[in-house]
Amino acid sequence: MNQNKIFNNRIALIDNIRGLLVLAFIFLHVYVDNTDFRGPEWLVHNGKVADIPIMNFANVSVMDFGPTSFFFVIGLTVFLSFSKRIERSGKKAAYSRYLLRNAVLFSACKIILFIKSNVTEGEFIDWDNISSIAFTGFLLMLFMFDFIRNKPYVRLVLGAIVLVLYHVLKEPLQFLSGAKGGIYGCLGYLGIVLVSSFIVDLARESLLKHAIFSFILFIIAWLVNTNIGKPVFSEYNMPYMVMSIFALNSVYFIFSVIDKLFLKGREIPILAPLGKSLIFFLYLTFIIDAIFYYIPEPLTRTQVFIVEAILIPIYLLIGYFLGKKRIIIKL
């Protein structure tokens, strides 16, 4: 299949959302890791949101949904992309490429973390969100068989089972937890990927069915909230994973309505090309963030806005170039 055909076969709505995620990530990642000021509680990690309407239900801030948002959008495309790869190259090549891709991501992340650890006065950094993306990718290999990949409701049930196990096994497998959730956190992320992969198929089938399922997710999130425990971002607990699915699905539903009423399945120029190369931009941001570790003091408010005023236009220019040349950067 030629590059133009691959480009045209993509789902514009998902690429638009992924593009927004790229811009949000570059802004918030630099903002969080390299500034000496704290923003509003509803935005920052571990913000005090108990007295903020709507946010108090979630019990987590906007930025707390950052890590889970990547796994949610991965679930929107990963099984469809794998099926298309099988059609083009066969199962053996598809599995080999998928395994190699995640191995490269994991290895590269470990190298960058090693470098970070050597410029932070001895602070050892053993795990990051990209480590989780790659390791969750390895776990997903167990769910790529035809009878799972081609059956949305099977993926939904398996996702629910994974999340239940994630809760039940949290104490026995505590030794696998760590920074950014560690290895154990990837089991929760796996549940998010499986459930969101069902959501995207349901949304394509019917907006009404998506709306009904969104209400069901609200009920589930409320029941978990009141009977099991509050979502806690720093603990990466099961209620946090369930609340993330509910919140991110709600955002996805809103975008689906906007797409249906206004965009009519069209790409948003510049934004969609960024989304098509999501992992590339995720890694680019990760590298940029690593460079800031060489700066001895956190950036001031003015300095961070100057940095963002430079970086975001650069990302937009790259998106414009990729869209113009119809290029997708695959890692």
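Just above sits the structure.
Residues numbered from 1 in each chain as written. Predicted model: local features only at pLDDT ≥ 70, side-chain atom pairs only at ≥ 80, totals over all residues. Heavy atoms only, no water.

### Considerations on the overall build of the protein chain
Thinking step 1. If you tally the helices and strands in the protein chain, you get 14 helices and 0 strands.
Thinking step 2. Of the regular secondary structure in the protein chain, the N- to C-terminal order runs α-α-α-α-α-α-α-α-α-α-α-α-α-α.
Thinking step 3. Over its C-alpha atoms the protein chain spans a radius of gyration of 19 Å, differing by no more than 12% from the 20 Å that the globule rule assigns to 331 residues.
Thinking step 4. In terms of overall dimensions, the protein chain has C-alpha extents of about 50 × 50 × 40 Å along its principal axes.
Thinking step 5. Expressed as a percentage of its 331 residues, the buried residues of the protein chain come to 47%.
Thinking step 6. Long-range contacts, defined here as pairs at least 24 residues apart, represent 73% of the contacts in the protein chain between residues at least 6 apart.
Thinking step 7. Averaging the coordinates of the 31 positive side-chain charges in the protein chain and doing the same for the 21 negative ones gives two points 14 Å apart. (Helix = DSSP H or I, 4+ residues; strand = E, 2+ residues; numbered from the N terminus. Rg over C-alpha atoms; globule rule 2.2 N^0.38 Å. Buried < 20%, exposed > 50% of the residue type's maximum accessible area, 1.4 Å probe, protein only. Contact = heavy atoms within 4.5 Å. Lys, Arg positive; Asp, Glu negative; His and termini not counted. Charge placed at Lys NZ, Arg CZ, Asp CG, Glu CD.)

### Description of the pattern of salt bridges
Thinking step 1. This structure, assessed with the given rule, holds 8 salt bridges.
Thinking step 2. Here Glu205 makes a salt bridge to Lys209, at a shortest N to O gap of 2.3 Å.
Thinking step 3. Since its relative accessible area comes to 39%, Lys209 is described here as partly exposed.
Thinking step 4. Residue Lys276 is joined to Glu267 by a salt bridge in which the shortest nitrogen-to-oxygen separation is 2.4 Å.
Thinking step 5. Exposure remark for Lys276: the relative accessible area of 2% places this residue in the buried category.
Thinking step 6. Taking relative accessible area as the criterion, Glu267 reaches 34% and is therefore assigned partly exposed.
Thinking step 7. A single network of salt bridges, built from pairs that share partners, joins Asp15, Arg18, Glu267 and Lys276. (Salt bridge = Lys/Arg side-chain N within 4 Å of Asp/Glu carboxyl O.)

### A word on a nonpolar patch on the surface
Thinking step 1. A surface patch of nonpolar side chains, amounting to about 490 Å² of accessible area, comprises Val157, Ile161, Val164, Leu165, Val168 and Leu169.
Thinking step 2. As for its placement among the helices and strands, Leu169 is situated in the loop between helix H8 (152-168) and helix H9 (182-205).
Thinking step 3. Given a relative accessible area of 31%, Leu169 falls into the partly exposed group. (Patch = residues over 30% accessible without salt bridge, like charges linked within 9 Å, V, L, I, M, F, W, Y side chains within 5 Å. Areas by Shrake-Rupley, 256 points an atom, 1.4 Å probe, with all protein chains shown as cover.)

### Section: the nonpolar core
Thinking step 1. Counting 86 residues, the largest nonpolar core has Val78, Leu140, Ile199, Met241 and Tyr252 as its most contacted members.
Thinking step 2. Looking at this core, the element that brings in the most residues is H9, giving 12 residues.
Thinking step 3. Ignoring sequence-local partners within four residues, the contact set of Leu140 consists of Val78, Phe79, Tyr98, Leu190, Val193 and Leu194. (Core = buried A, V, L, I, M, F, W, Y, C linked by side-chain atoms within 4.5 Å.)

### What to know about the packing of helix H4 (residues 66-89) against helix H5 (residues 91-117)
Thinking step 1. Between H4 and H5, the shortest axis-to-axis distance is 7 Å and the interhelical angle comes to 135°. Here H5 runs oblique to H4, going by the angle between their axes. In this structure, H4 crosses over H5, and the sense of that crossing is right-handed. In this structure, H4 uses Val78, Phe82, Arg85, Ile86 and Ser89 to contact H5, whose residues at the interface are Lys91, Ala93, Ala94, Tyr95, Arg97 and Tyr98.
Thinking step 2. Across the contact of H4 with H5, the residue classes break down as 7 nonpolar, 1 polar and 3 charged. (Axes fitted to C-alpha atoms, helices over the stretch in contact; angles between N-to-C directions. Parallel < 35°, antiparallel > 145°, perpendicular 65-115°, else oblique. Left-handed = near helix turned anticlockwise from the far one by under 90°. Nonpolar A, V, L, I, M, F, W, Y, C, P; charged D, E, K, R; others polar.)

### Details of the state of the cysteines
Thinking step 1. Overall, the coordinates contain 0 disulfides when judged by the stated rule.
Thinking step 2. You can see Cys109 has no disulfide; the closest cysteine sulfur is in Cys186, sitting 11 Å from it.
Thinking step 3. Taking relative accessible area as the criterion, Cys109 reaches 0% and is therefore assigned buried. (Disulfide = S-S within 2.5 Å.)

### Some details on the environment of Ser132
Thinking step 1. As for its placement among the helices and strands, Ser132 is situated in helix H6 (residues 129-140).
Thinking step 2. C-alpha of Ser132 to C-alpha of Lys116: the two residues are 16 residues apart in sequence and 17 Å apart in space.
Thinking step 3. Once residues within four sequence positions are removed from consideration, Ser132 is found in contact with Phe71, Trp127, Lys180, Gly182, Cys186 and Tyr189.

### Examining the environment of Glu308
Thinking step 1. Secondary-structure assignment places Glu308 in helix H14 (residues 301-325).
Thinking step 2. Sequence separation of Glu308 and Ile254 is 54 residues, and the distance between their C-alpha atoms is 27 Å.
Thinking step 3. If we ignore the near neighbours within four places in the chain, the residues touching Glu308 are Ile26, Phe27, Val30, Tyr31 and Pro313.

### A short note on the environment of Leu176
Thinking step 1. One can find Leu176 in the loop between H8 and H9.
Thinking step 2. Under the relative-accessibility criterion, Leu176 is labelled partly exposed at 28%.
Thinking step 3. Linking Leu176 and Cys186, residues 10 residues apart in sequence, is a C-alpha distance of 9.9 Å.
Thinking step 4. When near neighbours in sequence (up to four residues on either side) are disregarded, Leu176 contacts Gly181, Gly182, Ile183 and Tyr184.

### Some remarks on the packing of H4 against H6
Thinking step 1. Put simply, H4 and H6 touch, their axes get as near as 11 Å, and they point 35° apart. You can see that H4 and H6 cross each other, and the crossing is right-handed. Along its contact with H4, which presents Pro67, Phe70, Phe71, Ile74, Val78 and Phe79, the element H6 presents Asn129, Ser132, Ile133, Thr136 and Leu140.
Thinking step 2. Residues that form the contact of H4 with H6 fall into these classes: 8 nonpolar, 3 polar and no charged.

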